[in-house]
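Letter by letter, the chains look like this.
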Amino acid sequence: MDESKSDSYAQAGVDITAGYEAVELMKPHINSTFRKGVLGGFGSFGGMFEPDISGMKRPIAVSGTDGVGTKLKIAFLMDKHDTIGIDCVAMCVNDIVCTGAEPQFFLDYIAMGKNIPQRTERIVAGVAEGCRIAGCALVGGETAEHPGLMPEDEYDIAGFSVGFVDYDDIIDGSKITPGDNLIGLASSGIHSNGFSLVRKVFADELGNLDQHMPDLGTSLGEELLRPTRIYVKTILALIRENKDIIKGISHITGGGHFENIPRMLPEGVRAQIETSTFPDMPIFSILSEKGNIPKRDMYNTFNMGIGLVLAVSDNDTNSVISALKNIGETPFLIGRNIAGEKGVDLLW
């Protein structure tokens with residue numbers, strides 16, 4: 001047979017040896033996330049994990065899955081891939097901890113046009129860093145090469161995580177009442193939502209993302225790639241010291257304040273947010289001014305500097321704020337709940 005005319009996986013665009021190399025580069029990052037409960041080693045067909053449910057009378061599994069969206073375009077333009085994995089972990093585990101559950105393990109899926117081992121390592125290094133911050137184990141994943149379907153210099157990433165909480169300790173917002181206060185925890189920036197609008201506003205700057213912007217104190221690219229904050233350890237520490245005090249938690253992601261705060265509210269309760277109670281972040285001011293975006297639309301798209309919102313009773317507010325300060329947070333008393341149709345009012 002004429003080997004020059006034979007078909008092979010490599011000729012079809014899939015480099016198996018690159019896959020092997022990427023796996024070897026990933027191993028140290030993955031192993032660094034292992035915690036009690038991980039069973040088996042890296043590379044098995046299924047990731048095995050024995051959950052830590054000691055002391056739970058009725059353990060409930062809470063799962064979350066998400067991706068990073070078009071923030072990836074900024075990573076492509078910057079050729080910087082070591083933080084995007086943190087975003088992927090954050091988007092999953094922050095949702096899980098809103099129920100009071102502790103995320104215990106995580107899996108990722110990366111699809112790419114071409115497997116470039118060193119780039120793949122940087123992506124997975126970011127995933128591992130996110131898992132270490134959240135305290136969960138990276139027990140498995142998949143790196144899929146899609147030649148002909150995706151450009152060689154692009155990829156997509158998604159994640160999946162599982163946590164556990166005792167049934168009696170679930171935080172679901174059902175105990176929220178009018179008169180409760182709302183405490184906000186600061187975001188690190190845009191996080192991982194609204195980037196289609198971000199890229200439209202900064203269309204002229206996308207070719208020069210390394211340029212320093214005095215108003216930001218850094219380059220636009222570095223600001224846009226700033227990783228999403230992971231709130232897991234903060235919330236778990238708060239819950240341990242203040243059990244049954246936190247009535248509801250809202251992760252401010254896509255849809256901003258208007259969509260996400262009502263997700264924790266029961267019927268008949270309406271949130272009022274005083275926007276003057278927390279500082280404006282320069283990136284949001286620039287976006288609003290440059291894009292001529294009305295303030296309401298900004299709050300309907302972005303977190304505006306508040307990445308997580310807690311609902312607590314008026315009597316418990318001071319103790320929760322003190323507890324948050326003691327664990328290194330800078331909490332803001334951003335509003336209150338009133339009787340009314342479920343939703344959000346912004347008070348300028």
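The following refers to the structure shown. (Residues numbered from 1 in each chain as written. Predicted model: local features only at pLDDT ≥ 70, side-chain atom pairs only at ≥ 80, totals over all residues. Heavy atoms only, no water.)

### Quick word on the nonpolar core
Grouped together as the largest cluster of nonpolar side chains are 89 residues, with contacts concentrated most on Ile283 and Leu287. No other element matches the 8 residues that helix α3 (residues 84–97) contributes to this core. One finds Phe105, Ala137, Val139 and Phe164 within the second-largest nonpolar core, a separate group that totals 6 residues. (Core = buried A, V, L, I, M, F, W, Y, C linked by side-chain atoms within 4.5 Å. Buried < 20%, exposed > 50% of the residue type's maximum accessible area, 1.4 Å probe, protein only. Helix = DSSP H or I, 4+ residues; strand = E, 2+ residues; numbered from the N terminus.)

### Regarding a nonpolar patch on the surface
There is a patch of nonpolar side chains on the surface, built from Tyr9, Ile16 and Tyr20 and spanning about 370 Å² of accessible area. Within the secondary structure, Tyr20 is located in helix α1 (residues 16–31). You can call Tyr20 exposed: its relative accessible area is 57%. (Patch = residues over 30% accessible without salt bridge, like charges linked within 9 Å, V, L, I, M, F, W, Y side chains within 5 Å. Areas by Shrake-Rupley, 256 points an atom, 1.4 Å probe, with all protein chains shown as cover. Salt bridge = Lys/Arg side-chain N within 4 Å of Asp/Glu carboxyl O.)

### Overview of the sheet that holds strand β4 (residues 102–112)
Here 4 strands make up an open sheet; going across it, the order is β3-β6-β4-β5 and the pairing mixed. One side of each edge strand has no neighbouring strand; the edge strands of this open sheet are β3 (59–67) and β5 (137–145). Across the sheet, the axes of successive neighbouring strands diverge by a mean angle of 15°, strand direction being ignored. One ladder, built from 9 bridges, connects β3 with strand β6 (residues 155–166); its direction is antiparallel. Across the sheet, residue Val62 finds its bridge partner in β6, namely Gly163. (Pairing = 2+ DSSP bridges. Axes fitted to C-alpha atoms, helices over the stretch in contact; angles between N-to-C directions.)

### So, the packing of aromatic side chains
Evaluated as defined, the whole model comprises 4 aromatic pairs. Measuring from centroid to centroid gives 5.9 Å for Phe284 and Phe302, while their planes differ by 45°, and the two rings are tilted. Here Phe284 is found in helix α9 (residues 282–291), whereas its partner Phe302 is found in the loop between α10 (295–299) and β12 (306–312), with 18 residues between them in sequence. Its relative accessible area of 3% is what places Phe284 among the buried residues. For Phe302, a relative accessible area of 1% translates into the label buried. Taking NZ or CZ as reference, Arg296 lies 4.1 Å from the ring centre of Phe258, over its face. (Phe/Tyr/Trp six-rings, centres within 6.5 Å; stacked < 30°, edge-to-face > 60°. Lys NZ or Arg CZ within 6 Å of the ring centre and 35° of its normal.)

### Topic: empty space enclosed by the protein
Summed over all chains, the structure comprises 1 cavity of 30 Å³ or more. Of the volumes computed, that of the largest cavity is approximately 50 Å³. Here the residues of the lining of the largest cavity sort into 6 nonpolar, 5 polar and no charged. (1 Å grid on protein atoms, 1.4 Å probe; cavity = no way out; pocket = protein on both sides within 12 Å on 5 of 7 lines; lining within 4 Å. Points joined across faces, edges and corners; volume = space filled by probe spheres on them. Nonpolar A, V, L, I, M, F, W, Y, C, P; charged D, E, K, R; others polar.)

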